[in-house]
Amino acid sequence: MTAASHEALRAELNQKKEELTARLSRISANLRRGYEADSKERAKQLEDNEVVDALGNEARSEIAKISAALNRLDRGEFGICIECGLPIKEGRLKAYPYADECIECAEFDERRRARE
Ligand SMILES: [Zn+2]
């Protein structure tokens, strides 16, 4: 990968991270809303909060992956599989810019998880 495409990638990752951080703070604001006194309303709110919380966790884990990808960019290790040390194919990085494993290792992990 060229230096120019690294810069473009860094900008893209930073932007995505900002979007997710903004989304996360909206989600947290929603969760902090006070509970209704009415028990029916309250039950619904609790249910909504569970959904909102799951979305929050998803955003948080995505932010963590993006930060890790930015770190790898800084260290010049971006695009290298953390498992086997081989380069991750460009097509995979285009589709999934913060992939930290090559497709072979990712599939291996998936199969292992499926067996567990
Ligand atoms: Zn690998």
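Bear in mind the structure is a predicted one, so any value in this text is a computation, not a measurement.

Calculation criteria
Residues numbered from 1 in each chain as written. Predicted model: local features only at pLDDT ≥ 70, side-chain atom pairs only at ≥ 80, totals over all residues. Heavy atoms only, no water. Helix = DSSP H or I, 4+ residues; strand = E, 2+ residues; numbered from the N terminus. Rg over C-alpha atoms; globule rule 2.2 N^0.38 Å. Buried < 20%, exposed > 50% of the residue type's maximum accessible area, 1.4 Å probe, protein only. Contact = heavy atoms within 4.5 Å. Areas by Shrake-Rupley, 256 points an atom, 1.4 Å probe, with all protein chains shown as cover. Lys, Arg positive; Asp, Glu negative; His and termini not counted. Charge placed at Lys NZ, Arg CZ, Asp CG, Glu CD. Donors = N, O, S within 2.8 Å, 3.2 Å for Na, K, Ca; no water. pLDDT = per-residue confidence, 0-100. Core = buried A, V, L, I, M, F, W, Y, C linked by side-chain atoms within 4.5 Å. Salt bridge = Lys/Arg side-chain N within 4 Å of Asp/Glu carboxyl O.

Caption draft 1: Inspection of the overall build of the protein chain at higher detail. Broken down by element type, the protein chain carries 4 helices and 0 strands. Scanning the protein chain from its N terminus toward the C terminus, one meets helices and strands in the order α-α-α-α. Taken over the C-alpha trace, the protein chain has a radius of gyration of 19 Å; the compact-globule value for 116 residues is 13 Å, which it surpasses by more than 25%. Counting only residues that meet the buried cut, the protein chain has 27% of its 116 residues in that class. Of the contacts made within the protein chain by residues no fewer than 6 positions apart, 48% connect residues no fewer than 24 positions apart. Summed over all atoms, the accessible surface of the protein chain reaches about 8,200 Å², with 51% contributed by carbon and sulfur. If the 21 positive side-chain charges of the protein chain are averaged to one point and the 24 negative ones to another, these points end up 1 Å apart.

Caption draft 2: Highlighting the coordination of the zinc ion. Here the zinc ion is held by Cys81 (SG), Cys84 (SG), Cys102 (SG) and Cys105 (SG), and the distances to it run 2.3 Å. In terms of primary sequence, the donors binding the zinc ion are separated according to C-x2-C-x17-C-x2-C.

Caption draft 3: A look at the confidence of the model for the protein chain. Within the protein chain, residue pLDDT values average 89, and 98% of them lie at 70 or more. For the protein chain, per-element mean pLDDT is lowest for helix H1 (residues 3-32), which scores 89, and highest for helix H4 (residues 103-115), which scores 93.

Caption draft 4: Representation of the nonpolar core within the structure. If you look at the biggest cluster of nonpolar residues, it comprises 18 residues, and the most contacted ones within it are Leu13, Ile66, Leu73 and Phe78. Listing elements by their share of this core, those giving two or more residues are H1 and helix H2 (39-74).

Caption draft 5: Highlighting the pattern of salt bridges. All told, the structure shown has 7 salt bridges when counted by the stated rule. When the shortest N-O distance is used, the salt bridge between arginine 10 and aspartate 74 registers 2.6 Å. Placement of the pair is arginine 10 in helix H1 and aspartate 74 in helix H2, with a sequence separation of 64 residues. The partner of lysine 44 in a salt bridge is aspartate 48, and the shortest N-O contact between them spans 3.2 Å. Taken together, the residues span about one helical turn, with lysine 44 and aspartate 48 both in helix H2 at a distance of 4 residues.

Caption draft 6: Up close: the environment of leucine 46. Looking at where leucine 46 falls in the secondary structure, it is placed in helix H2. The spacing of leucine 46 and serine 67 is 21 residues in sequence and 31 Å in space, taken between C-alpha atoms.

Caption draft 7: Here's a closer look at the environment of arginine 92. With respect to the helices, strands and loops of the structure, arginine 92 is situated in helix H3 (residues 90-95). Considering only alpha carbons, one finds arginine 92 and isoleucine 103, 11 residues apart in sequence, at a separation of 7.4 Å. With near-sequence residues (within four places) excluded, arginine 92 lies in contact with Ala99, Glu101, Cys102, Ile103 and Ala106.

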